[in-house]
Amino acid sequence: MSQPIPSALADPRSYDLAAAQAARAVPPVWPLASSVAVNPFLGQSGAGLAETGALLSRIGGIAVTMPRSWYQAKIAAGSIADEDLLAALDAAPPQLRPANLATLKAALAVDGPKPEALPTIADLAAAASGIDWPGLVAERFGAWAAGYFDDGQALWAAPRGRSAYAAWRAVATHDLTPEILGLAGFALHISEAPDSSSGAIVRVASELGLGEAAMVTYFHQLLMAQGGWAQYARYQQWRAELAGGSDQTITDMLAILLLWEEALFLRYRDQIAVSWADVRAGHAAPLLVTSDLLIDTIAQDAAERAAQRALALTLATPRAQPSHERPALQAAFCIDVRSEVFRRALESVNPKIRTFGFAGFFGLGTAHRRFGSDVAELRLPVLLNTALGSRSGGHQLAAMDQSVRIKARAKRAWGRFKLAAVSSFAFVEAAGPIYVGKLVSDALGLHDAGAPDEPPPQLDPTLDLAAQANAAEAILRAMSLTSEFARLVLLTGHGATVVNNPHASGLQCGACGGYAGDVNARLLATLLNTSEVRNALRERGIPIPTDTLFVAALHDTTTDHVTLFSDDEPANGHQIDIAHAKAWLAAAGKLARTERALLLPRGRNESAIPKRSHDWAETRPEWALAGCNAFIAAPRDLTVGKHLDGRAFLHDYDWRKDHDCKVLELILTAPVVVASWISLQYYGSTVAPETFGGGNKLLHNVTGGIGVVEGNGGRLRAGLPLQSVHDGEKFVHEPLRLSVCIATPPDRILRILSRNEHVRDLFDHGWMHLFALDDQGRIVSRYSGNERWTPIN
């Protein structure tokens, strides 16, 4: 082996530290079965947008804002006004910002330079040899990773029980593809590598002459170059640490990629040594925000201030006087922006209907087992650990449970028989004609999936009465629902019905971990209908009338149909109330579909919308959360009747009932953070679709049962598919960071931020904007960072 380049590194522990820092700079991605939105800038929450832009430009040529033409079009249209540009200019650091408004406008009138990444050794080797080494690395790495991470899709599973590093070495030492393409001795090189991933990282970093200052961004670059594979490894680390453990898969992955780089460096050292020295110096140099990057982030801030100005005007419109009559119906919905459209429609059907917004898991995070299954589905926000278990059906349905399991096993066996290496050919010839009818009916969308029909869920193990009462009290207080109960109260989770869509779970409830919210709603309805729990609540100052019935429901966001689980509990004289509710919900669904039809491609009218849910060629069954840009925590009285265009997360909150700020702290540390992840995932998938987007649905193939690739291999694509943010002609999502508006005195918010640094960072560094509302719902203060407020006139 050649003599290594002298390394500037003194402390051996710095290798581990650099690897750990690089790993945490990578965002996690959840598997398809339970995919949830993830902030792609999660690892950069301690820096601002401009600083993050400098980092991502270095490691991947990644943009963090839209092209300047996008902002220029908004300026020309008048949606970004001079006052927005001036305010953003004034808020920017003075060192590099344009001197005045005219200079800023002139800069935005011309295209800025595109971000350009430092090359990897694979890039340098490709330039020297004419061989696409980065593409080969991605292809071979992806082929191995698809087998190693496989979660049941592969008919011939890869061996289990080894670390990722050991498993890859076992494959790579027998893979002749690199040698065939010119990387002689690659298998031998891998066989002689250190036995541990940490040892490999140390050896390669020394061989390549990487100093401490250069390692972190170089390591980060290698991981990000593999897209979703590194993000899935980061997910495994996230889940392990959330449970109190650890996982080294992403570190193993870094070692694997470094061994590829080392092998290519040794092969092409003579041609690339000088260039590599320049690259090392580039990685070691401090990150600097350029004037062009600052101009782009000023334009982004101006676009967000324009949206905030429009939101302030909407919120400032006079509100309707709240009624003190007993509501005809109360309905709690998830805070999801899709619920805003339906809630507004439902309230317009009957002015005596009152709706609430609350996180869609309804405070009951559970590891749930479906009927006839032992697979635990984590139906709660991914930021939390579950403390509860539940299952559908009880011991009285044991015979039916066994029958369902047998049918499921037979279905799986039949499916594997159809796909097996030998039987698949004979199967197509013999059974193909039998499937003609099904093929035609599926192609024409003649079959509707129907509503969920599993037996009512129950907690398993059950909670004692004190624990039940504690949970019920905490949930009702967090909902600000402690008095003035209607005869019928709906607890409405949400889900989405789609076919032929690998990303289906991404349309479900994010607060339920990528599953529909029916289970959580049904569990809470059962809890609140329990007489012993109600007696305990009455003693705690929450008197629920004896004639109040809680009924769980499920809002299908694709069709805007609502299913009531009214059979879970005896109606007890509420048949008329339930009939009225069904009629109101049907009318509201029609109004909501009419509004959504105006925005969907080929959305001719409201009756065409439900058909999209069972059209297997439909790439845009709904827009999901595209357009989201605001989070409002306030009494519904302050926003009722105000058209928020399906862009706002709406969480009910009455600060006068929250004496110790516990509910406010819960909102800021959980729903707001989850909403920021959603907002920033849409942001990243729009401004940098090649890096943070999921690619084109038309090219997707599911791999490993965990994600998708475009074509037959390569990088796992994480993030939102193009069709989720683009209508074929233009982006339908405006990439705007979330504006959080809370109806409470500002000093109460500061009290929470002062003891939750991770939340404060998101506001201090501009990943979200924060505003305080007065008692009329008007924006009166802007958080300007470092625990300071600026009054708004």
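Rules used in this analysis
- Residues numbered from 1 in each chain as written.
- Predicted model: local features only at pLDDT ≥ 70, side-chain atom pairs only at ≥ 80, totals over all residues.
- Heavy atoms only, no water.
- 1 Å grid on protein atoms, 1.4 Å probe; cavity = no way out; pocket = protein on both sides within 12 Å on 5 of 7 lines; lining within 4 Å.
- Points joined across faces, edges and corners; volume = space filled by probe spheres on them.
- Helix = DSSP H or I, 4+ residues; strand = E, 2+ residues; numbered from the N terminus.
- Nonpolar A, V, L, I, M, F, W, Y, C, P; charged D, E, K, R; others polar.
- Pairing = 2+ DSSP bridges.
- Axes fitted to C-alpha atoms, helices over the stretch in contact; angles between N-to-C directions.
- Phe/Tyr/Trp six-rings, centres within 6.5 Å; stacked < 30°, edge-to-face > 60°.
- Buried < 20%, exposed > 50% of the residue type's maximum accessible area, 1.4 Å probe, protein only.
- Lys NZ or Arg CZ within 6 Å of the ring centre and 35° of its normal.
- Expected span 1.5 Å × (residues − 1).
- Contact = heavy atoms within 4.5 Å.
- Left-handed = near helix turned anticlockwise from the far one by under 90°.
- Patch = residues over 30% accessible without salt bridge, like charges linked within 9 Å, V, L, I, M, F, W, Y side chains within 5 Å.
- Areas by Shrake-Rupley, 256 points an atom, 1.4 Å probe, with all protein chains shown as cover.
- Salt bridge = Lys/Arg side-chain N within 4 Å of Asp/Glu carboxyl O.

**Q** Explain the layout of surface pockets residue by residue, including any values.
**A** Roughly 1,400 Å³ of volume is contained in the second largest pocket. What lines the second largest pocket is a set of 46 residues, and nearest its centre among them are Ala-91, Asp-301, Arg-305, His-769 and Arg-782. At the level of elements, α2 (49-60), α4 (82-91), α15 (291-316), α28 (757-764), β17 (768-773), β18 (779-785) and β19 (788-791) are the ones that each hand at least two residues to the lining of the second largest pocket. Ranked by residue count, the leading element in the lining of the second largest pocket is α15, at 10 residues. Tallied by class, residues from the lining of the second largest pocket come to 22 nonpolar, 12 polar and 12 charged.

**Q** Tell me about the sheet that holds strand β5 (residues 388-392), and please be specific about residues and values.
**A** Pairing in this open sheet of 4 strands is mixed, and the strands run β4-β3-β5-β6 from one edge to the other. The two strands at the open ends of the sheet, each matched to only one other strand, are β4 (376-379) and β6 (457-459). Neighbour to neighbour, the strand axes of the sheet diverge by 30 degrees on average, direction disregarded. Where strand β3 (residues 366-369) lies against β5, 4 bridges are found, and the strand directions are parallel.

**Q** Mind laying out the packing of aromatic side chains, listing which residues take part and the relevant values?
**A** Tallying each qualifying case throughout the model produces 25 aromatic pairs. Judged by centre distance (6.4 Å) and plane angle (35 degrees), the ring pair of Phe-358 and Phe-362 falls under tilted. Both residues of the pair, Phe-358 and Phe-362, count as buried. Between Phe-485 and Phe-550, the ring centres sit 6.3 Å apart and the planes meet at 75 degrees, which makes this aromatic pair edge-to-face. One end of the pair, Phe-485, is in the loop between α20 (465-478) and β7 (488-495); the other, Phe-550, is in strand β8 (residues 549-556), and 65 residues separate them in sequence. Of the residues examined, Phe-485 reaches a relative accessible area of 3% and is grouped as buried. You can call Phe-550 buried: its relative accessible area is 1%. It is Lys-74 that lies over the ring of Trp-70; its NZ or CZ is 5.0 Å from the centre. Taking NZ or CZ as reference, Arg-267 lies 4.6 Å from the ring centre of Tyr-268, over its face.

**Q** Give me the lowdown on the sheet that holds β8, citing residues and values where you can.
**A** Spatial ordering of the open sheet is given by β2-β1-β7-β8-β9, a layout of 5 strands whose pairing is mixed. Lying at the two open borders of the sheet, with one neighbouring strand each, are β2 (353-358) and β9 (561-564). Within the sheet, the average angular offset between the axes of one strand and its neighbour, ignoring direction, is 25 degrees. One ladder, built from 6 bridges, connects strand β1 (residues 329-334) with β2; its direction is parallel. Within β2, the position partnered with Phe-333 by the bridge is Gly-357.

**Q** For α20, give the residues involved together with the corresponding values.
**A** With 14 residues, α20 extends 20 Å between its outermost C-alpha atoms, agreeing within 8% with the 20 Å of an ideal straight helix rising 1.5 Å per residue. When α20 is considered as a whole, its buried residues turn out to be Gln-468, Ala-469, Ala-471, Ala-472, Glu-473, Ile-475, Leu-476 and Ala-478. Where α20 is buried, its residues contact β2, α21 (518-528), α22 (531-539), β11 (648-651) and α24 (662-669).

**Q** Provide a residue-level description of the pairing of β19, including the pertinent values.
**A** By the bridge criterion, 4 bridges tie β18 to β19 in an arrangement that is antiparallel. Among the inter-strand pairings, Ser-781 is bridged to a residue of β19, identified as Pro-791. The antiparallel pairing of β18 with β19 creates a hairpin that spans 2 residues between the two strands, and Asn-786 there sits at a positive phi of about 55 degrees.

**Q** So, the packing of helix α11 (residues 197-207) against helix α14 (residues 249-284): which residues are in play, and what are the values?
**A** Where α11 contacts α14, the axes come no closer than 9 Å and their chain directions differ by 35 degrees. The handedness of the crossing between α11 and α14 is left-handed. Side by side, α11 and α14 meet where Ser-197, Ala-200, Ile-201, Arg-203, Val-204 and Glu-207 of the first sit next to Thr-251, Asp-252, Leu-254, Ala-255, Leu-258, Leu-259, Glu-262, Phe-265, Leu-266 and Arg-269 of the second. A breakdown of the residues in the contact of α11 with α14 according to their chemical character gives 9 nonpolar, 2 polar and 5 charged.

**Q** Run through empty space enclosed by the protein, naming residues and quoting values.
**A** With the rule as written, the count across this model stands at 4 cavities of 30 Å³ or more. Here the second largest cavity is characterised by a volume of approximately 70 Å³. For the second largest cavity, the full set of lining residues is Val-36, Ala-37, Pro-381, Val-382, Gly-510, Val-674, Trp-677 and Ile-678. In terms of residue class, the lining of the second largest cavity is made up of 7 nonpolar, 1 polar and no charged.

**Q** Give a description of the environment of Leu-329 that names residues and reports values.
**A** On the secondary structure map, Leu-329 appears in strand β1. Its relative accessible area of 0% is what places Leu-329 among the buried residues. Separated by 161 residues in the primary sequence, Leu-329 and Leu-490 have C-alpha atoms spaced 7.8 Å apart. When residues no more than four places from it in sequence are discounted, the contact partners of Leu-329 are Lys-352, Ile-353, Arg-354, Ala-486, Leu-488, Leu-490, Ala-581 and Trp-584.

**Q** Residue-level account of a nonpolar patch on the surface, with values.
**A** On the surface, Leu-176, Ile-180 and Leu-181 cluster together into a nonpolar patch covering about 320 Å² of accessible area. Along the chain, Leu-176 turns up in the loop between α8 (164-172) and α9 (177-180). By relative accessible area, Leu-176 is classed as exposed at 51%.

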